[in-house]
Amino acid sequence: MSVELKPLTGRIDDVGGLVSLEAYREAGGYEAARRALTEMTPGEVQEIVKEANLRGRGGAGFPTGVKWSFVPDVEGRKYLVCNGDEMEPGTFKDRYLLEYDPHLLVEGMLIASYAIGADQAYVFLRGEYHEPYRQLDAAIRAAREAGLLGDGIFGTSYALSLDIHRSGGRYICGEETALLNALEGKRANPRTKPPFPPASGAWGRPTIVNNIETLCNVPGILSHGAEWYQDLGIGEDSGTKLYGVSGRVNNPGLWELPIGTTIREIIEVHAGGMMEGYRLRGILPGGASTDFLVEEHLDLPMDYGSIQAAGSRMGTGTMILMDDSVCPVGISLNLQHFFAQESCGFCTPCREGLPWLEQVLADIEAGRGEPGDLELLDKNAAFIGAPGNTFCLHATGAIEPLQSALKYFREDFEEHLATGRCKYRDVMPVQESAG
Amino acid sequence: MSEVEFIEVLSNEEIDLIEEAASHVPDRPSAAIEALQIVQEKRGWISDQSIGAIARLLGMSAAELDSIATFYNLIFRQPVGRHVVMVCDSVSCYVMGCDNLRVAVEDSIGVKPGETTADDRFTLLPIVCLGACDRAPAMMIDDQLFGPVKADDLPGILEQFE
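Calculation criteria
Residues numbered from 1 in each chain as written. Chains lettered and ligands numbered in written order. Predicted model: local features only at pLDDT ≥ 70, side-chain atom pairs only at ≥ 80, totals over all residues. Contact = placed C-beta atoms within 7 Å. Helix = DSSP H or I, 4+ residues; strand = E, 2+ residues; numbered from the N terminus. Nonpolar A, V, L, I, M, F, W, Y, C, P; charged D, E, K, R; others polar. Buried ≥ 20, exposed ≤ 12 C-beta atoms within 10 Å, placed from the backbone. pLDDT = per-residue confidence, 0-100. Domains from an automatic or database assignment. Pairing = 2+ DSSP bridges. Axes fitted to C-alpha atoms, helices over the stretch in contact; angles between N-to-C directions. Parallel < 35°, antiparallel > 145°, perpendicular 65-115°, else oblique. Left-handed = near helix turned anticlockwise from the far one by under 90°.

Enquirer: How do you make sense of the interface of chain A and chain B when you look at a structure like this?
Expert: Many authors give the size of an interface as the accessible area that is lost as the parts come together. Contacts between the two partners involve 43 residues from chain A, matched on the other side by 34 residues from chain B. Mapped onto the side of chain A that touches chain B, the elements with two or more residues apiece are strand 3 (161–166), strand 5 (240–246), strand 6 (253–258), strand 8 (318–323) and helix 16 (328–342) of chain A. The biggest single contributor to the side of chain A that touches chain B is helix 16 of chain A, with 5 residues. Taken together, the residues of the side of chain A that touches chain B break down into 18 nonpolar, 14 polar and 11 charged.

Enquirer: In this structure, what is going on with unusual backbone geometry? I would like to understand it.
Expert: Here Lys193 of chain A and Pro194 of chain A are connected by a cis peptide whose omega angle stands at -5°. Of note, Pro194 of chain A is situated in the loop between helix 10 (176–183) and strand 4 (207–211). Here Gly147 of chain B and Pro148 of chain B are connected by a cis peptide whose omega angle stands at -10°. If you trace the backbone, Pro148 of chain B turns up in the loop between strand 4 (144–146) and helix 8 (154–158). Positive phi outside glycine occurs at Asn53 of chain A, with the angle close to 60°. Tracing the chain through its elements places Asn53 of chain A in the loop between helix 5 (42–52) and helix 6 (64–69). On the neighbour-count criterion, Asn53 of chain A (19 C-beta atoms within 10 Å) is partly exposed. For Arg170 of chain A, which is not a glycine, the phi torsion comes out positive at approximately 85°. Tracing the sequence through the fold places Arg170 of chain A in the loop between strand 3 and helix 10. Arg170 of chain A sits in the buried class, given 24 other C-beta atoms within 10 Å.

Enquirer: Is there a simple way to explain helix 4 (residues 48–58) of chain B in this structure?
Expert: Because each turn of an α-helix spans 3.6 residues, side chains separated by three or four positions in sequence point in the same direction. All names here are of chain B. Across the 11 residues that make up helix 4, a large majority, 8, are buried. The complete set of buried residues in helix 4 reads Ser50, Ile51, Ala53, Ile54, Ala55, Arg56, Leu57 and Leu58. Positive backbone phi, approximately 75°, marks Gly59, located one or two places after helix 4.

Enquirer: What exactly am I supposed to notice about the environment of Met314 of chain A here?
Expert: Residues and elements named next belong to chain A. One can find Met314 in the loop between helix 15 (304–309) and strand 8. Met314 gets classed as buried once you count the C-beta atoms within 10 Å, which come to 28. Along the backbone, Met314 and Arg191 are 123 residues apart, and their C-alpha atoms lie at a distance of 25 Å. The residues touching Met314, leaving out its near neighbours within four places in the chain, are Pro285, Gly286, Met302, Asp303, Tyr304 and Ile307.

Enquirer: Looking at this model, I keep getting lost on the confidence of the model for chain B. Mind explaining?
Expert: Any residue range with low pLDDT should be treated as having predicted coordinates unsuitable for detailed reading. In this model, chain B carries a mean pLDDT of 94, and residues with pLDDT of at least 70 account for 95%. Predicted as a complex, the structure gets a pTM of 0.95 and an ipTM equal to 0.95.

Enquirer: I tried to follow the domain arrangement of chain A on my own but got confused; where do I start?
Expert: Residues and elements named next belong to chain A. For chain A, the assigned domains are domain 1 (2–231), domain 2 (243–301 + 314–321) and domain 3 (328–419). Taken over C-alpha atoms, the centre of domain 1 sits 35 Å from the centre of domain 3. Between domain 1 and domain 3, the contact holds 10 residues from the first and 7 residues from the second.

Enquirer: Sorry, what's going on with the sheet that holds strand 2 (residues 122–127) of chain B here?
Expert: Across a sheet, strands are paired by hydrogen bonds formed along the backbone, either parallel or antiparallel in direction. Residues and elements named next belong to chain B. Read across the sheet, 4 strands follow the order 2-1-3-4 without closing on themselves; strand pairing throughout is mixed. Each edge of the open sheet is held by one strand with a lone partner, namely strand 2 and strand 4. Between one strand axis and the next, the sheet turns through 20° on average, direction left out of account. Relative to strand 3 (residues 139–141), strand 1 (residues 83–88) runs antiparallel, the two being bridged by 3 bridges. Across the sheet, Val85 pairs through a bridge with Ile141, a residue of strand 3. Against the sheet, helix 7 (residues 98–109) touches strand 1, strand 2 and strand 3, its axis set at about 155° to strand 1.

Enquirer: Mind showing me how you'd approach the domain arrangement of chain B here?
Expert: The domains assigned to chain B are domain 1 (3–69) and domain 2 (83–158). Placing the centre of domain 1 of chain B and that of domain 2 of chain B at their C-alpha centroids yields a distance of 30 Å.

Enquirer: Teacher, can you tell me more about the packing of helix 4 (residues 31–39) of chain A against helix 8 (residues 102–116) of chain A here?
Expert: For any two helices packed against each other, one specifies the crossing angle of their axes together with the interaxial distance. All names here are of chain A. For the pair helix 4 and helix 8, interaxial distance at closest approach is 9 Å and the crossing angle is 10°. As judged from the angle between their axes, helix 4 and helix 8 are roughly parallel. Seen along the crossing, helix 4 lies across helix 8 with a hand that is left-handed. Only Glu107, Leu110, Ile111 and Tyr114 of helix 8 make contact with helix 4, whose side of the interface consists of Ala32, Ala33, Ala36 and Leu37. Among the residues forming the contact of helix 4 with helix 8, the class breakdown is 7 nonpolar, no polar and 1 charged.

Below, the structure is given as structure tokens:
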């Protein structure tokens, strides 16, 4: 049965498209939630998720069961918030889960809410996700009508209300404390930590924020057990992972594979390899805010530890490939333009520093670079991105692809400075600077 | 303007929808973003009058609400055309040639990013990653996603939006 090998997407494969409530229940859906609510204590649910070693799939990789256990045992309202902002450039995995199997998320949230004692849950969904919204909204309504949400679920005294907040935009909303401010109807500025959200989150109450893919792993763990989940992974990590590839490959897309599958297998087998006439030069392994990897890293397993040891992060697990027709200076300018634009403006190094990095890159790309520019970029990127100089890790993420580009593709930067021109320009037009 | 006039700017339907949104959060100002979305859905954009009216209804200052409205890029504080065209300019689409696509869209509708066509049919805006990177280069018109889009596809896509 494909669901036992592919707990996230197997049902979609079996049905061949959108999984309705009927199809979901026919495949055993909501039985994990029924067991959790009727036969297990919240502590027991936390324990099995901890034992399974489920780690956050939004990018940080924090153990989910451990995070849940930080919720204090206090009276009053607690919240589960699903981070469905999915704004990390290059990332398109959560969209797939919502568009084709939205009940998997609803069931995961029901179990997670029960485990932390939340009676109100929200899905924070990015505003541009119209089709995912339509499917999730329909699924929540269907679940409510079927008594799977609301009061007295499965004949127990447990009640859960689940609502969707559609975001007004901005990348920073994916940062969990900024997300909570946005959920509260405020500007999405990150908050100082501590206090961390499990102690004081939405409206000052204990709050757990989990990514969509993370929560979608929960029903399978409850159905098949912690050991089954651990065995799904190839190396140290447990479970499967949604891996994606975009760029000049023959078959760009998304695949659920054992966590720890090598980068080479993902690119060459699943994505069909590079398009004819193009050579792979750089890999952003898990979104725009991860360090470039290069050809020598192809045989690394895509898991948290291996990618970190190579100086990058697995991030969202959806990789962006830079081929040999793409100018490394141009792609760096594109990335810094994004991060400069998306800074929330709260902290000075990020608000002032990122546009400055963008401007220096724009000058180099336009042939106006000056001797010493690369050393300036090195020095200031290190300052701007140093954790502790800003409230959140936006600037830290921003400089990861820049520092690694300066390391791996330095000859391209130097050539721009030496010749005052871009040799890629006839195939890749220059991105206009925001100025 | 008096309090009554501020509230009268909103229709009964808008007020009902905002009240419904406010019932899902612990306090009224927390529904600020939903309220802005509700009014924008009906009117296309958020005017100064709308800011004043929504702020009154939610029990917050107009200045505070405006600081929220101007933070979020999907809230429009200027009028937009009947259809909003958003061409992704993030990294996957950059690799796949989004600059060429943006130029082709500019040529097709005759405006630059941030501008609206003279007949109010289209407003062109840049947008960050649309989460359709396997379909790069991607673009969105209103609530419809397109990708991968070649310049040749544009006339057929644009003609669906009158």
